[in-house]
Amino acid sequence: MKIIFDRLLPDSNFWDAYTDLWNNSQYQSSFQSPHFLQSLVLTQKVPLVVLRGYRDEKLIGATCFYNRGKEFHFLSDLKTDHNYFILHKSITNEETKQYFKNFLEEIGKRKWNFRLNKQPSWANYMPILQEELSESQLFVKVVTYNPCLVLEAESPEALFKATNKQKLRGKLNRLKEIDEVTFEAFRGEEDLDHWLDEFYEAHIKRWAGTPTPSSYIDSSGRSFYRSCILAWIKDGILVRFAIKLGSRRIAFVTALLENGYLVHHTTTFDRDYEKQSPGVVIINLIGRWMADNSMTKLEFGDGGEDYKYQFTKQELPLLTIFMANRMNFPYILKTKLIKFVRENKGILNFYNERIRPVLLRSEFMNKKIT
């Protein structure tokens, strides 16, 4: 197996090979899909490093990273729920071991800092990666990041039953008393511009006055989201759901098809109808759509928000893996502090409730000023 790790601006030959790899990979991750990654390269123009593995001349492993500050991250970190390494389904354990071993050795030689966010702990390559991490000469710190909640049922009807809560049916009926309710599920560009305008409006209203105002206030945030939507449509993996009350959409979910199941990715709702909980009611309707399309698994993505526990208690941990030269003491100290905060709920709650909002507000104001 030949491993190449370099600062590469991917060309058409690379993307052709990568598309074939992704189509035949262990995990056809929505957040590593070919057109989506290409859109990130084109729209964000960030410094790239690409890890590639070849068997003979065939690409059997590829991972794109970008540099942010003094750390390298997955390129997909720009818009993701989880970050998989994309490996060919035919790759052997020995080849996987070599892929990760060479990757870690190159990080050590170049004295780079890496932060692998939102690593799926359930990935079948994870035991090999963790073994290589334990044997490497790098400083390594693994931190439990967030839960990923998953609703998995024995049959499509069982999945629908898990989403078909009596309380939600009651809220849906109250919406029907206000006006006609229509459920939408779009796979292509149907009414896209209008759908996006309504989504932005609802999202901005939803987060107004909070420590985390909507990123769609700025045209750059709207343009970025639209480019992601168009890329996922090209990859054939996007489903846009909405509840329309009369002529107005009041709940939205951007979902992604992945390995025969659905990832519940981006969501918002119109705060004017908060009492009727349209942002949760729509999950009931999505459950019916999934059952009609023979699906048995709904992944709620990154985060343990309360509403997700109405449907499932199954949690899969997402991990953050920090890697650096053993002599990089400031970075080591920072990662140890992060681990301490993440693993102490009282301190973490204080950070999330008091410190993080101030930092986010400051960051938002700086963006507005510049």
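Predicted model, so just to flag it, every value in this text is computed and none were measured. (Residues numbered from 1 in each chain as written. Predicted model: local features only at pLDDT ≥ 70, side-chain atom pairs only at ≥ 80, totals over all residues. Heavy atoms only, no water.)

### Comments concerning the overall build of the protein chain
- When its secondary structure is counted, the protein chain shows 11 helices and 13 strands.
- Against the compact-globule benchmark of 21 Å for 370 residues, the protein chain has a radius of gyration of 21 Å, which places it among compact chains.
- Dimensions of the protein chain, computed from the C-alpha atoms along their principal axes, are close to 65 × 45 × 40 Å.
- Excluding contacts between residues fewer than 6 apart, the proportion of contacts in the protein chain whose partners are at least 24 apart in sequence is 76%.
- Here the protein chain has roughly 17,500 Å² of accessible surface; of this, 50% comes from carbon and sulfur atoms. (Helix = DSSP H or I, 4+ residues; strand = E, 2+ residues; numbered from the N terminus. Rg over C-alpha atoms; globule rule 2.2 N^0.38 Å. Contact = heavy atoms within 4.5 Å. Areas by Shrake-Rupley, 256 points an atom, 1.4 Å probe, with all protein chains shown as cover.)

### Section: the pairing of strand 6 (residues 114-120)
- Of all seven residues in strand 6, seven are buried; the element is thus mostly enclosed.
- Strand direction decides the pairing type here: strand 6 and strand 13 (residues 315-324), joined by five bridges, are antiparallel. Bridging across to strand 13, Pro 120 finds its partner in Leu 318. (Buried < 20%, exposed > 50% of the residue type's maximum accessible area, 1.4 Å probe, protein only. Pairing = 2+ DSSP bridges.)

### Remarks on the packing of aromatic side chains
- Applying the stated criterion across every chain, the model contains 36 aromatic pairs.
- Ring plane angle 65° and centroid distance 6.4 Å describe the contact between Phe 322 and Tyr 331, whose orientation is recorded as edge-to-face.
- The exposure class of Tyr 331 is buried, given its relative accessible area of 6%.
- A connected cluster of aromatic rings, assembled from ring pairs, spans Phe 5, Phe 65, Phe 72, Phe 74, Phe 85, Tyr 99, Phe 100, Phe 103, Trp 112, Phe 114 and Tyr 125.
- The ring centre of Phe 160 lies 4.3 Å from the NZ or CZ of Arg 288, which sits over that ring.
- In this structure, Lys 297 is placed above the aromatic ring of Tyr 261, and the distance from its NZ or CZ to the ring centre is 4.2 Å. (Phe/Tyr/Trp six-rings, centres within 6.5 Å; stacked < 30°, edge-to-face > 60°. Lys NZ or Arg CZ within 6 Å of the ring centre and 35° of its normal.)

### Section: the pattern of salt bridges
- With the rule as written, the count across this model stands at 23 salt bridges.
- Its salt-bridge partner being Glu 157, residue Arg 288 comes within 2.6 Å of it at the nearest N-O pair. Within this pair, whereas Arg 288 is found in helix 9 (residues 278-292), its partner Glu 157 is found in helix 5 (residues 156-163), the two being separated by 131 residues in sequence.
- Each member of the salt-bridge network shares a partner with another, and the members are Glu 184, Asp 191, Glu 198, Lys 244 and Arg 249. (Salt bridge = Lys/Arg side-chain N within 4 Å of Asp/Glu carboxyl O.)

### Concerning the nonpolar core
- Tyr 18, Phe 65, Phe 85, Phe 103, Phe 114, Leu 262 and Met 323 are the most contacted members of the largest nonpolar core, which totals 103 residues.
- In contact with Phe 114, not counting residues within four places along its chain, are Phe 5, Phe 65, Phe 72, Phe 103, Ile 107, Ile 321, Phe 322, Met 323 and Tyr 331.
- Counting six residues, the second-largest nonpolar core is a separate cluster that includes Phe 139, Ala 324, Tyr 331 and Ile 332. (Core = buried A, V, L, I, M, F, W, Y, C linked by side-chain atoms within 4.5 Å.)

### Some words on the layout of surface pockets
- By volume, the second largest pocket is sized at about 180 Å³.
- Taken together, Lys 101, Leu 104, Glu 105, Gly 108, Glu 132, Glu 135, Ser 136, Gln 137, Leu 138, Asn 325 and Arg 326 make up the lining of the second largest pocket.
- For the lining of the second largest pocket, the elements supplying multiple residues, two or more each, are helix 3 (93-110) and helix 4 (126-135).
- Broken down by element, the residue count for the lining of the second largest pocket peaks at four residues, all from helix 3.
- Of the residues assigned to the lining of the second largest pocket, the class counts are two nonpolar, four polar and five charged. (1 Å grid on protein atoms, 1.4 Å probe; cavity = no way out; pocket = protein on both sides within 12 Å on 5 of 7 lines; lining within 4 Å. Points joined across faces, edges and corners; volume = space filled by probe spheres on them. Nonpolar A, V, L, I, M, F, W, Y, C, P; charged D, E, K, R; others polar.)

### Side note on the side chain of Glu 95
- Within the element layout of this structure, Glu 95 appears in helix 3.
- Its relative accessible area of 13% is what places Glu 95 among the buried residues.
- Beyond its immediate chain neighbours, meaning those up to four positions away, Glu 95 contacts Met 1, Arg 55, Ile 60 and Ser 90.

### Describing the confidence of the model for the protein chain
- Per-chain confidence: the protein chain averages 92 in pLDDT, with 93% of residues scoring 70 or above.
- Predicted confidence is poor over residues 359-370, with pLDDT under 50, and the contacts of this stretch with residues over four places away or in other chains come to nine contacts. (pLDDT = per-residue confidence, 0-100.)

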